[in-house]
Amino acid sequence: MSQMFVDISIFLLTFLTLCGVALSLFDPLSLSLIAGGASLVYNRGKVWEYTYCQLNECCIDSHIPANITALSQDLEENVFGQHIVQRQLVAALKSHYTHLDSSTKPLVLSFHGTPGTGKNYLADHIAKHVYKYGVSSYFVKKFMGRTDFPLESDVRHYQITLRTTIINAVNVCPRTLFIFDEVDKIPVGVFEALTSLLDHHHSVEGATLRFATFIFLSNAGGTEISAKLLELTENGALREETQLFNFEKILEGAAYNVNGGLRKTSMIEGSLIDHYVPFLPLEKRHIEKCIIAEFKRLGVDRPAFTDIEEISNNYVTYYKNIFSTSGCKRLSKKVAMYVADKYK
Ligand SMILES: *[C@@H]1O[C@H](CO)[C@@H](O)[C@H](O)[C@H]1NC(C)=O
């Protein structure tokens, strides 16, 4: 009996909402009244989920699928030469998103590596597979070092607005993803605002942070990664055998000492960054995979071997004749040029 009552009321409310939506085509004011009233009455229950959330993004499980298996497959196909990312980072993400209830602090990741090694690709594709609406999700907040924090003299102001932005965002959805790009261009001191937010707290000013994820992207440590990888492989290790712990201390040191947002932060002193993730410099064999993937993306399934060779030899600079200095960056334009010239 009561189930039937619930069903009928869901039906009625759905019907009313649809009427509201229809009305709103003509009158925006009534939409806001109906939406406002509806959200009070429904109190964000199932009815709200089946009506409002059909048309709008909500902070509900079905809009935050966090499909890490799909992320892993995506990386297999599109990111080359990053076995540590593929194994250890994916495991860290999987663990965070499958045991959210027992999480005691936000997941905090710092990505390091020379340009073109896939840091941005990874951050964007974490967003893509965690949120139904991907990078354009309302629950993904991306900051760019140079444009969002341009002035050394405004650090105090940045600290205040950043803290407020983060607290407001997790109040709307605790499972928010914060991405900070160009961390090495962010003035020293800005991140002091984050320290208390990233620590083990039940809540900060009423906001719950332990379900959130923070990702910092930085070129700092890139040369140190290359040097360490070279040292390890010269001592007989295979590239694919190197692990997260081989690089973490170096990266922590680099982040702490190199100029930029993480320099001398209490965030590092307090060990609040969970993983320093190395993006390894790419070798020629990885560059060639990027080129092949790019051809494929442009509809050429079997590019000529000589074209692949030509691009990887003539348009890519190799540091110490081994590691590419710009990774897979800019290759897409070169491949596009070949496709337009020879394959169309
Ligand atoms: C996750 O993604 C994989 C591969 O794309 C898919 O097969 C699977 O159904 C997805 N799982 C969920 C829970 O959506």
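Just above, that's the structure.
The following refers to the structure shown. (Residues numbered from 1 in each chain as written. Predicted model: local features only at pLDDT ≥ 70, side-chain atom pairs only at ≥ 80, totals over all residues. Heavy atoms only, no water.)

## Considering the pairing of strand β4 (residues 213-218)
This is how the line gets drawn: Buried means the residue's accessible area, taken with a 1.4 Å probe over protein chains only, is under 20% of the maximum for its type, while exposed means over 50%, and partly exposed covers the values in between. Only DSSP runs of H or I reaching four residues or more are called helices, and only runs of E reaching two or more are called strands; each is numbered from the N terminus. A pair of strands counts as paired when DSSP detects no fewer than two bridges linking them.
With respect to burial, β4 is a largely interior element, six of its six residues being buried. Of the two faces of β4, the one holding Thr213, Ile215 and Leu217 and the one holding Phe214, Phe216 and Ser218 are both buried throughout. Looking at chain direction, strand β1 (residues 107-112) and β4 are connected through six bridges and run parallel. Its bridge partner lying in β4, Leu109 is registered against Ile215.

## Comments concerning the pattern of salt bridges
What counts here: In the sections that follow, a salt bridge refers to a side-chain nitrogen of Lys or Arg positioned within 4 Å of a carboxyl oxygen of Asp or Glu.
Applying the stated criterion across every chain, the model contains 14 salt bridges. With a shortest N-O distance of 3.0 Å, Asp274 and Lys105 are connected by a salt bridge. Of this pair, Asp274 sits in the loop between α13 (266-269) and β5 (275-278) while Lys105 sits in the loop between α6 (83-98) and β1, placing them 169 residues apart in sequence. Among the salt bridges present, the one from Glu283 reaches Arg239, with a minimum N-O distance of 3.0 Å. Highlighted residues: Glu283 in the loop between β5 and α14 (284-297) and Arg239 in the loop between α11 (222-234) and α12 (244-257), separated in sequence by 44 residues. Note on accessibility: Glu283 and Arg239 belong to one class, buried.

## Overview of the site of the ligand
Rules: Residues are labelled near a given molecule or strand when at least one of their non-hydrogen atoms is within 4 Å of it. In protein, a polar contact requires one atom able to donate a hydrogen and another able to accept it; more generally it is a pair of N or O atoms within 3.5 Å, and residues adjacent in sequence count only if both atoms are side-chain atoms. For the accessible areas, the method is Shrake-Rupley and the probe is 1.4 Å, while residue cover comes only from the protein chains on display.
Taken together, the neighbourhood of the ligand is formed by Asn67, Ala70 and Gln73. Within the side chain of Asn67, one N or O atom sits 2.3 Å away from an oxygen atom of the ligand. Here the ligand has 360 Å² of accessible area as a free molecule, and 30% of this is covered by the chains.

## Details of the sheet that holds strand β3 (residues 177-181)
So the rule is basically this: Fitted lines through C-alpha atoms serve as axes, helices being fitted only where they are in contact, and the angles separating the N-to-C directions of these axes extend from 0 to 180 degrees. In this analysis, two residues are considered to be in contact whenever any of their non-hydrogen atoms come within 4.5 Å of each other.
The strand order across the open sheet built from five strands is β2-β3-β4-β1-β5, with neighbouring strands paired in parallel fashion. Because the sheet does not close on itself, it has two edges, and the strands there are β2 (140-144) and β5. Looking at each pair of strands side by side, their axes are set apart by 15° on average, direction ignored. Where β3 and β4 come together, four bridges link them in parallel fashion. Bridge assignment links Phe180 to a residue of β4, and that residue is Phe216. Along the sheet, α6 contacts β1, β4 and β5; its crossing angle with β1, the most-contacted strand, is approximately 165°.

## Some words on the packing of aromatic side chains
Let me state the cut-off plainly: Classification of ring pairs rests on two measures: the distance between centres of Phe, Tyr or Trp rings, Trp counted by its six-membered ring, which must be within 6.5 Å, and the angle between planes, read as stacked under 30 degrees, edge-to-face over 60 and tilted in between.
Considering all chains together, one arrives at twelve aromatic pairs under this definition. Note on Phe111 and Phe279: the rings are 5.1 Å apart at their centroids and 45° apart in plane angle, and the pair reads as tilted. Of this pair, Phe111 sits in strand β1 while Phe279 sits in the loop between β5 and α14; the two residues are 168 residues apart in sequence, bridging distant segments of the chain. The exposure classification of Phe111 matches that of Phe279, with both residues buried. Between the aromatic rings of Phe180 and Phe216, the centroid separation amounts to 5.3 Å while the plane-to-plane angle is 20°, which identifies the pairing as stacked. On the criterion of sequence distance, the pair formed by Phe180 in strand β3 and Phe216 in strand β4 is long-range, its members being 36 residues apart.

## A short note on the environment of Tyr158
In this structure, Tyr158 sits in helix α9 (residues 155-172). Given the relative accessible area of 6%, Tyr158 is considered buried. Those residues within four positions of Tyr158 in sequence are excluded, and the remaining contacts are Asp148, Phe149, Pro150, Leu151 and Val190.

## Details of the nonpolar core
Heads up, the condition is: Only buried residues count toward a nonpolar core. Its members are Ala, Val, Leu, Ile, Met, Phe, Trp, Tyr and Cys residues joined through side-chain atoms within 4.5 Å.
In terms of nonpolar packing, the biggest core is built from 43 residues, with Phe180, Phe191 and Phe214 touching the most fellow members. By residue number, the principal contributor to this core is α9, which donates seven residues. Leave out the neighbours within four places in its chain, and Phe180 touches Phe143, Phe149, Leu162, Phe191, Phe214, Ile215, Phe216 and Leu217. With 31 residues, the next largest nonpolar core counts Ala66, Phe111, Val140 and Val277 among its residues.

## Describing the packing of helix α5 (residues 68-78) against α6
Going by this rule: These descriptions rest on fixed angle ranges, namely under 35 degrees for roughly parallel, over 145 for roughly antiparallel, 65 to 115 for roughly perpendicular, and the rest for oblique. Crossing handedness follows the turn of the near helix against the far one: under a right angle anticlockwise gives a left-handed crossing, and clockwise gives a right-handed one. Polar here means any residue other than Ala, Val, Leu, Ile, Met, Phe, Trp, Tyr, Cys and Pro, which are nonpolar, and Asp, Glu, Lys and Arg, which are charged; Gly is therefore polar.
Between α5 and α6, the least distance of the axes is 10 Å, while the angle of their chain directions is 165°. It follows that α5 is roughly antiparallel to α6 by the angle criterion. As for the relative orientation of α5 and α6, their crossing is right-handed in sense. Contacts from Ile68, Thr69, Leu71, Ser72, Leu75 and Glu76 in α5 reach Val85, Gln86, Val90, Leu93, Lys94 and Tyr97 in α6. Taken together, the residues of the contact of α5 with α6 sort by class into seven nonpolar, three polar and two charged.

## Considerations on empty space enclosed by the protein
Put simply, the test is: Of the grid points, spaced at 1 Å and generated over the protein atoms alone, those admitting a 1.4 Å probe that cannot get out make up cavities, while open sets with protein on both sides within 12 Å along at least five of seven lines make up pockets; any residue with an atom within 4 Å of a point is treated as lining. Grid points are joined across faces, edges and corners, and a volume is the space filled by probe spheres set on the points.
The tally for this structure, following the rule as stated, stands at two cavities of 30 Å³ or more. Size it by volume and the largest cavity reaches roughly 50 Å³. Every residue lining the largest cavity is listed: His112, Val183, Asp184, Ser218, Ala220, Ala255, Val258, Asn259, Gly260, Gly261, Leu262 and Arg263. Looking at side-chain class alone, the lining of the largest cavity contains five nonpolar, five polar and two charged residues. In this structure, the second largest cavity is lined by Thr104, Lys105, Pro106, Leu197, Asp199, His201, Ser203, Val204, Ala207, Leu209 and Arg210.

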